[in-house]
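The lines below spell out each chain.
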Amino acid sequence: MSAPGLVRRNLRDRRFQLLAAALALVALTFVARPLPLTRNGVEILAVLDITGSMNVRDYVGADGKPASRLETAKAALRELVTSLPCGSRVALGLFTERRPFLLFTPIEICADFAPLDGALSALDWRMAWEGDSRISAGLFRSVEMAASLGTDLVFITDGQEAPPLPSTGGPTFDGKPGAVRGLIVGAGAYALSPIPRYNDRGRETGFYGSGDVQQENRFGPPPADAESREGYNPRNAPFGAAAASGTEHLSSVREPYLKTLAQATGLTYAHLDGPAGLGPALVRAATPRPLPGSLDLRPVFGGIALALILAVFAAPLFGAGRFVLVKKV
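It should be emphasised that the depicted structure is a prediction, and the values quoted were computed from it without experimental measurement.

Q: Could you give an account of the environment of Ala 76, with specific residues and numbers?
A: Inspection of the secondary structure puts Ala 76 in helix α3 (residues 69-83). The spacing of Ala 76 and Asp 273 is 197 residues in sequence and 9.4 Å in space, taken between C-alpha atoms. Once residues lying within four places of it in the same chain are set aside, the contact partners of Ala 76 are Leu 272, Gly 274, Pro 275 and Leu 278.

Q: Which residues make up the packing of aromatic side chains, and what values go with them?
A: Scanning all chains against the criterion turns up four aromatic pairs. Consider the rings of Phe 95 and Phe 155, whose centres lie 5.7 Å apart with planes at 55 degrees: the pair is tilted. Linking Phe 95 in strand β5 (residues 89-96) with Phe 155 in strand β7 (residues 152-157), this pair joins segments that are 60 residues apart in sequence. On the accessibility criterion, Phe 95 (0% relative accessible area) is buried. For Phe 155, a relative accessible area of 1% corresponds to the buried category. Taken together, a centroid distance of 4.5 Å and an interplanar angle of 35 degrees make the contact between Trp 125 and Tyr 198 tilted. Separated by 73 residues along the polypeptide, Trp 125 in the loop between α4 (113-122) and α5 (135-149) and Tyr 198 in strand β10 (residues 196-198) bring together distant segments of the chain. Classification of Trp 125 as partly exposed rests on a relative accessible area of 21%.

Q: Which residues make up the pattern of salt bridges, and what values do they have?
A: Pairs may arise between side chains of opposite charge once their charged atoms sit close together. Per the stated rule, a full pass over the model turns up 13 salt bridges. We note a salt bridge from Asp 58 to Arg 69, for which the minimum N-O separation is 2.9 Å. In this pair, Asp 58 is assigned in the loop between β2 (43-49) and β3 (59-60) and Arg 69 in helix α3, connecting sequence segments 11 residues apart. Accessibility expressed as a relative area gives 17% for Asp 58, which makes it buried.

Q: So what about unusual backbone geometry? Which residues, and what values?
A: With the exception of glycine, the majority of residues adopt a negative phi angle, and the majority of peptide bonds are in the trans configuration. Backbone torsion omega between Ala 162 and Pro 163 reads 0 degrees, so that peptide bond is classified as cis. If you check the backbone angles, Glu 97 has positive phi at about 60 degrees while not being a glycine. For Glu 97, a relative accessible area of 14% corresponds to the buried category.

Q: How would you summarise the nonpolar core if you had to cite specific residues and measurements?
A: Of all hydrophobic cores here, the largest spans 36 residues; its most connected members are Leu 48, Ile 156, Leu 272 and Leu 282. Within the residue set of this core, elements represented by two or more residues are β2, α3, β5, α4, β7, β8 (182-186) and α7 (278-285). If you tally residues by element for this core, the top one is α3, at six residues. Those residues within four positions of Leu 282 in sequence are excluded, and the remaining contacts are Val 42, Ile 44, Leu 80, Leu 84, Val 154 and Leu 183.

Q: Residue-level account of the sheet that holds β8, with values.
A: In spatial order, the strands read β6-β5-β2-β7-β8-β13; together these six strands make up an open sheet with mixed pairing. Of all strands in the sheet, those with a lone pairing partner are β6 (99-108) and β13 (268-271), marking the two edges. Ignoring strand direction, the axes of neighbouring strands in this sheet form an average angle of 20 degrees. Summarising the sheet, β2 and β7 pair through five bridges and their orientation is parallel. Within β7, the residue paired with Val 47 across the bridge is Phe 155. With respect to the sheet, α3 is in contact with β2, β5 and β7, its orientation differing from that of β2 by roughly 170 degrees. Contacts between α7 and the sheet are confined to β2, β7, β8 and β13, with β8 contributing the most and set at about 145 degrees to the helix.

Q: Lay out the packing of helix α2 (residues 14-31) against helix α8 (residues 298-314) with the relevant residues and their values.
A: Running from N to C, α2 and α8 cross one another at 160 degrees; their axes reach a closest spacing of 8 Å. Classified by the angle their axes make, α2 and α8 are roughly antiparallel. α8 is crossed by α2, and the crossing has left-handed handedness. From α2, Arg 15, Leu 18, Leu 19, Ala 21, Ala 22, Leu 25, Val 26, Leu 28 and Thr 29 reach across to α8, where they touch Arg 298, Phe 301, Gly 302, Ile 304, Ala 305, Leu 308, Ile 309 and Val 312. In the contact of α2 with α8, the residues fall into 13 nonpolar, two polar and two charged.

Q: Outline the state of the cysteines, supporting the account with residue identities and numerical values.
A: Going through the model one piece at a time under the given rule, you end up with one disulfide. Between the sulfur atoms of Cys 86 and its disulfide partner Cys 110 the distance amounts to 1.9 Å. Looking down the S-S bond of the Cys 86 and Cys 110 bridge, the torsion is -85 degrees, so its handedness is left-handed. Of the two residues, Cys 86 sits in the loop between α3 and β5 while Cys 110 sits in the loop between β6 and α4, which places them 24 residues apart along the sequence.

Criteria and thresholds
Residues numbered from 1 in each chain as written. Predicted model: local features only at pLDDT ≥ 70, side-chain atom pairs only at ≥ 80, totals over all residues. Heavy atoms only, no water. Helix = DSSP H or I, 4+ residues; strand = E, 2+ residues; numbered from the N terminus. Contact = heavy atoms within 4.5 Å. Phe/Tyr/Trp six-rings, centres within 6.5 Å; stacked < 30°, edge-to-face > 60°. Buried < 20%, exposed > 50% of the residue type's maximum accessible area, 1.4 Å probe, protein only. Salt bridge = Lys/Arg side-chain N within 4 Å of Asp/Glu carboxyl O. Core = buried A, V, L, I, M, F, W, Y, C linked by side-chain atoms within 4.5 Å. Pairing = 2+ DSSP bridges. Axes fitted to C-alpha atoms, helices over the stretch in contact; angles between N-to-C directions. Parallel < 35°, antiparallel > 145°, perpendicular 65-115°, else oblique. Left-handed = near helix turned anticlockwise from the far one by under 90°. Nonpolar A, V, L, I, M, F, W, Y, C, P; charged D, E, K, R; others polar. Disulfide = S-S within 2.5 Å.

Right under this line is the structure:
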């Protein structure tokens, strides 16, 4: 066969065409430039409730064992951070007693992923500085903190006030509803569960009983049914003479209460069903923030070129013919 005929035959060969295409793609990796693009990210302040009721184990962990609300919330925040686009920024805070404490101001989640992930992993209930849990006060101050940082808010709590709210209710929100966007995330199951109890060394010693916690807030005016209680005296026993009873030593997510707080502040309520699922809820509730970015196509070109080369060399395994590179005698 003549040389021109041999060339034409090789040009028609399918594997030769694949190798030529792979060579062209490899060449493109040296000259291609990233494509500019804009995508939406978020800037959030994540505040996590670390009070005692967050130690209730009413979730199931990845290993199939019971997991606490706190550990599940930490896993949800880590999953949320990994699902956000680069350029998004996250600040982290803790809540206990009646106020949040800011651990660090917003940082970029990709460039600073290691310290952010390390901080989330290290969160522990032992960091709490007080045992009370005044949810509404902590939430309202978290809203103020998010406004000062210029971020949206993710506030994760089970909603259990300790001590319980008085009959007149909790504090009112003085800010503008909706000025700060974001989520109130309700942590915990809907059924009541016992609250673990720990000693001074942080070792679990059992669960709280009905006599270990305050069952009723007896500050301020008495409730409407006070006159019907045993031993009621408007001066000496305005709440009745009997000891208060209730289920404050048990815990569940206080969803109706949290929805009321969400309505008052203009935030969106979402239940924490597990480590996954916060990302879509946050995207719907948060403020879209355009992020300048780029799309590098060189890895795509290189990957396709590698696939074509592998296809050529795998062809003999499937009965394909060989290249005609020399003239047959």
